[in-house]
Amino acid sequence: MLTGKRILLGITGGIAAFKAAALCSKLVQAGAEVRVIMTESATKFVTPLTLQVLSRHAVFTDTFAEQDPAVVSHIDLADHADLILVAPATANMLAKLAYGMADDMLSTTVLASTAPLLIAPAMNVHMYEHPAVRHNLELLASRGARFIEPGSGQLACGYVGKGRLAEPEEIVLAVQSYFNQQRQLAGKRVLITAGGTVERIDPVRYLTNDSSGKMGFEIAAAARDMGADVTVIAARSMAEPPTGVTVVRAESAADMLEAVLARYDEADLVIKAAAVADYRPVVKHSEKLKKTGRDLMTLELEKTEDILKVLGERKQGQFLVGFAAETESLAQYAMDKLERKRCDLLVANDVSAEGAGFHGDTNIVSVFDKDGLAVSWPLLSKREVAVRLMALVAQRMSSSGGDAS
Ligand code: CTP
């Protein structure tokens with residue numbers, strides 16, 4: 001299943017390093033071409049010779065011990081990896097990777113590589129829960145690194161808790177699912193709207209909403225990681241859009257409609273995560289409004305065009321995913337929107353629930369299809385919601401033959 005995949009296995013110095021030998025062997029058995037870099041501390045737990053025999057390649061431990069005069073090893077290894085797998089990753093290596101340090105062969109190679117990074121941490125439970133480690137994990141995740149969570153149980157240090165390296169079989173499965181997922185949206189053009197629209201009253205005042213853009217941006221990153229060609233139409237947002245996607249700025253609902261329609265015919269998948277204003281001021285003043293002598297002021301609003309509804313009406317095979325932010329009767333409103341706007345899937349969240357909605361990094365969503373509730377997920381990071389949603393979307397798109405109309 002991993003035939004021809006070039007995996008750079010980084011082994012760092014924790015007791016779990018002994019499991020890396022079995023991991024290396026299983027990756028090779030699955031058809032991968034494995035190159036190994038060990039930190040000096042890792043060599044105290046398991047010998048480079050073991051990994052050399054299992055990987056059938058020389059093992060690298062020292063940046064300056066060049067084995068082939070024709071290449072610079074850390075650049076060569078960095079350039080030729082389809083995936084960098086760090087297993088086990090110690091707290092020290094997480095810190096180095098998070099802060100871009102390059103003081104050993106492994107951290108130097110990771111820094112020199114554009115390959116995706118899969119990390120399997122292993123350490124004492126208190127270390128794993130330490131705010132410094134949590135922060136480093138978050139930093140790495142925000143740059144697109146993925147993790148294979150450590151398991152819970154008896155740790156080598158005597159403690160019972162979370163920190164045990166995932167089993168080699170589990171890590172191999174995660175590697176396989178990474179490559180499977182990576183291909184799932186290859187060649188697909190994906191359009192994602194994100195953020196909250198801004199409807200101008202005058203040059204300095206506007207109506208908007210609480211959308212941070214985070215959910216849409218995480219979906220864009222997840223679609224990118226699955227090989228899609230992603231364009232994000234972004235309204236006002238607090239978050240940074242991901243790298244590796246095309247970002248088109250659109251301020252108002254009207255701008256967003258124009259930007260989306262201009263790209264709709266070529267799109268295979270459209271995900272409307274943006275919070276679009278339902279109403280805008282009838283008059284957009286070109287000069288700053290002055291206050292008057294009156295105590296009351298009335299702002300007249302008119303309906304904006306419902307972008308998702310327009311997309312539903314003009315659908316020609318595009319797979320359409322809508323969002324619904326509700327505070328009551330979630331299922332009923334979600335199904336109503338799904339049908340009215342001709343969506344294939346509708347992602348609904350109860351924005352009044354703790355941990356869900358516009359603010360923060362977590363969300364609680366339920367996904368509906370034409371038959372009703374398709375799946376309900378517990379409180380998850382927006383990143384995890386995005387990854388799960390994209391896996392579901394890809395599965396539905398492939399089972400409908402890419403034509404979901
Ligand atoms: N949406 C849109 N254009 C609008 C309003 C909403 O494309 N003018 C899209 C959103 O991007 C989202 C979905 O419609 O994917 C649901 O948004 P919501 O505002 O909850 O839907 P409404 O139909 O406006 O419902 P409500 O009655 O709750 O306002």
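Residues numbered from 1 in each chain as written. Predicted model: local features only at pLDDT ≥ 70, side-chain atom pairs only at ≥ 80, totals over all residues. Heavy atoms only, no water.

To continue, consider the sheet that holds strand β20 (residues 372–376). Ordered in space as β12-β11-β8-β13-β16-β17-β19-β20, the eight strands form an open sheet in which the pairing is mixed. Each having just a single partner strand, β12 (246–249) and β20 make up the two edges of the open sheet. Adjacent strand axes in the sheet meet at a mean angle of 20°, parallel and antiparallel pairs treated alike. By the bridge criterion, four bridges tie strand β11 (residues 229–234) to β12 in an arrangement that is parallel. (Pairing = 2+ DSSP bridges. Helix = DSSP H or I, 4+ residues; strand = E, 2+ residues; numbered from the N terminus. Axes fitted to C-alpha atoms, helices over the stretch in contact; angles between N-to-C directions.)

Attention now goes to the domain arrangement of the protein chain. As far as domains go, the protein chain holds domain 1 (6–181) and domain 2 (189–399). One C-alpha centre belongs to domain 1, the other to domain 2; they are set 37 Å apart. Taken together, the five residues of domain 1 in the interface contact five residues of domain 2. With both sides pooled, the region where domain 1 packs onto domain 2 buries about 480 Å², and carbon together with sulfur makes up 41% of that total. For the pair domain 1 and domain 2, the interface holds one salt bridge. The partner of Asp225 in a salt bridge is Arg146, with the nearest N and O atoms 3.7 Å apart. Joining domain 1 to domain 2, the criterion identifies one residue pair in polar contact (both at pLDDT 80 or more). When its residues are assigned to classes, the side of domain 1 that touches domain 2 shows one nonpolar, three polar and one charged. (Domains from an automatic or database assignment. Contact = heavy atoms within 4.5 Å. Buried area = accessible area lost by both parts, 1.4 Å probe. Salt bridge = Lys/Arg side-chain N within 4 Å of Asp/Glu carboxyl O. Polar contact = N/O pair within 3.5 Å; in protein donor to acceptor, adjacent residues only side chain to side chain. Nonpolar A, V, L, I, M, F, W, Y, C, P; charged D, E, K, R; others polar.)

Right, let's get into the pairing of strand β3 (residues 83–89). Among the seven residues that make up β3, seven are buried, leaving the element largely enclosed by the rest of the structure. Taken together, the four bridges between strand β1 (residues 6–11) and β3 define a ladder with parallel strand orientation. Bridge assignment links Leu9 to a residue of β3, and that residue is Leu85. (Buried < 20%, exposed > 50% of the residue type's maximum accessible area, 1.4 Å probe, protein only.)

Nonpolar side chains collect at one region of the surface, where Ile15, Phe18 and Phe45 lie side by side and expose about 310 Å² of accessible area between them. Here Ile15 is to be found in the loop between β1 and α1 (17–29). (Patch = residues over 30% accessible without salt bridge, like charges linked within 9 Å, V, L, I, M, F, W, Y side chains within 5 Å. Areas by Shrake-Rupley, 256 points an atom, 1.4 Å probe, with all protein chains shown as cover.)

A few words on the environment of Ser142. By the element assignment, Ser142 lies in helix α8 (residues 131–142). Considering only alpha carbons, one finds Ser142 and Arg383, 241 residues apart in sequence, at a separation of 9.0 Å.

Surrounding the ligand, one finds 16 residues, the nearest of these being Lys272, Ala274, Leu308, Phe323 and Lys337. Measuring from a nitrogen atom of the ligand, one finds a side-chain N or O atom of Asp306 at 3.5 Å. Between Lys337 and the ligand, the recorded distance is 2.7 Å, taken from a side-chain N or O atom to an oxygen atom. Burial of the ligand by the protein amounts to 78% of the accessible area it has alone, namely 570 Å². Secondary-structure elements contributing two or more residues to the shell around the ligand are α12 (307–313), β16 (319–326) and α13 (330–340). The dominant element in the shell around the ligand, judged by the number of residues it contributes, is β16, at three residues. (Near = heavy atom within 4 Å.)

Now for the pattern of salt bridges. Using the criterion set out here, one finds 22 salt bridges in the structure. Here Glu251 ties to Arg200 by a salt bridge, and the two come within 3.1 Å at their closest N and O atoms. Of this pair, Glu251 sits in the loop between β12 and α11 (253–264) while Arg200 sits in strand β9 (residues 199–202); the two residues are 51 residues apart in sequence, bridging distant segments of the chain. Of the charged contacts in the structure, one is a salt bridge between Asp361 and Lys214, with a shortest N-O distance of 2.9 Å.

The biggest cluster of nonpolar side chains holds 36 residues, and the ones touching the most others in it are Ile219, Val230, Leu269, Met390 and Val393. Listed by contribution, the elements that provide at least two residues to this core are β8 (189–194), α10 (214–225), β11, β13 (269–272), β16, β17 (345–350), β19 (365–369) and α14 (382–399). The element contributing the most residues to this core is α14, with eight residues. Aside from chain neighbours lying at most four places away, what touches Val393 is Leu269, Phe319, Val321 and Leu345. Membership of the second largest hydrophobic core comes to 34 residues, among which are Leu9, Ala20, Leu23 and Val46. (Core = buried A, V, L, I, M, F, W, Y, C linked by side-chain atoms within 4.5 Å.)

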